[in-house]
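Geometric and topological summary
Letter by letter, the chains look like this.
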Amino acid sequence: AVLADLPLGAILPALMLTVAGHGFVLPSATALALADHPTVAGGASAALGVVQYTTGAVTAPLVGLGGSTSALPMVLLMAALGVGAAIAATALVPRPSPPERAGAGAGAAAGTTAR
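Residues numbered from 1 in each chain as written. Predicted model: local features only at pLDDT ≥ 70, side-chain atom pairs only at ≥ 80, totals over all residues. Heavy atoms only, no water.

1. Comments concerning a nonpolar patch on the surface
To keep things clear, this is the line we draw: Patches in this entry comprise residues that are over 30% relatively accessible and not in a salt bridge; like charges within 9 Å are linked, as are nonpolar side chains (Val, Leu, Ile, Met, Phe, Trp, Tyr) within 5 Å. Computed with the Shrake-Rupley method and a 1.4 Å probe, the accessible areas treat only the protein chains shown as cover for residues. Salt bridges are defined by distance alone: a side-chain nitrogen of Lys or Arg within 4 Å of a carboxyl oxygen of Asp or Glu. Categorising residues by exposure relies on relative accessible area from a 1.4 Å probe, with only protein chains included: less than 20% of the type maximum marks a residue as buried, more than 50% marks it as exposed, and the intermediate range marks it as partly exposed.
Judged by side-chain polarity, Val58, Leu62 and Leu65 come together as a nonpolar surface patch covering roughly 320 Å² of accessible area. Taking the relative accessible area as the measure of exposure, Val58 reaches 48% and is therefore partly exposed.

2. Considering the confidence of the model for the protein
Short version of the rule: The score called pLDDT rates the predictor's confidence residue by residue, from a low of 0 to a high of 100. Under the scheme used here, helices are H or I runs from DSSP no shorter than 4 residues and strands are E runs no shorter than 2 residues, and both carry numbers assigned from the N terminus.
On average, the protein scores 81 in pLDDT, and the residues at 70 or more come to 83%. Here helix H4 (residues 106-110) is the element of the protein with the lowest mean pLDDT, 54, and helix H2 (residues 41-65) is the one with the highest, 90.

3. Describing H2
Note the threshold: Take the residue count of a helix, subtract one, and multiply by 1.5 Å to get its expected span.
The end-to-end C-alpha separation of H2 is 37 Å, in line with the 36 Å expected for 25 residues at 1.5 Å each. Immediately downstream of H2, the backbone of Gly67 shows phi near 105°, a positive value.

4. Some remarks on the packing of H2 against helix H3 (residues 72-92)
What counts is decided by this rule: Only C-alpha atoms enter the line fits that serve as axes; for helices the fit covers just the stretch in contact. Angles between N-to-C directions range over 0 to 180 degrees. Two helices that cross are described as forming a left-handed crossing if the nearer one is turned anticlockwise from the farther one by less than a right angle, and a right-handed crossing if clockwise. In this analysis, two residues are considered to be in contact whenever any of their non-hydrogen atoms come within 4.5 Å of each other. Residue classes follow a fixed rule: Ala, Val, Leu, Ile, Met, Phe, Trp, Tyr, Cys and Pro count as nonpolar, while Asp, Glu, Lys and Arg count as charged, and any other residue, Gly among them, counts as polar.
Close contact between H2 and H3 brings their axes to 8 Å; oriented N to C, the two are set at 140°. Helix-helix and strand crossings are classified by hand; for H2 and H3 the assignment is right-handed. Contacts between H2 and H3 pair Thr59, Leu62 and Val63 from the former with Pro73, Met74, Leu77 and Leu81 from the latter. Broken down by class, the residue content of the contact of H2 with H3 amounts to six nonpolar, one polar and no charged.

5. Examining the environment of Ser45
With respect to the helices and strands, the residue Ser45 is situated in helix H2. Through-space distance from the C-alpha of Ser45 to that of Ala33 is 9.4 Å; in sequence the pair is twelve residues apart.

6. Points about the side chain of Thr59
If you trace the backbone, Thr59 turns up in helix H2. If we skip the residues at most four places from it in the chain, Thr59 touches Leu77 and Leu81.

And the structure:
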């Protein structure tokens, strides 16, 4: 319960850094995600907006349920959402396969070499 006793002046700088980081990352991430799909970019952008606003609408009352005298509910929810995002990115984002080595054809894979 260390965060419960911190003054507002100690919490605001950390919150400002977090929000500023989102301001830099989210627009770039959205643009990169939509760059490869120009034919559906409008619909995909709208879907991203709906998800963002819905997440905010659902999580704000959850923080409020934790009380108004402590920043701990906000910190815990931000940490939980961050961990959830990391897990989702790890599980859902396809990773590119490693490139094949030069000269590694079907014969090299079978252990035979051409003479």
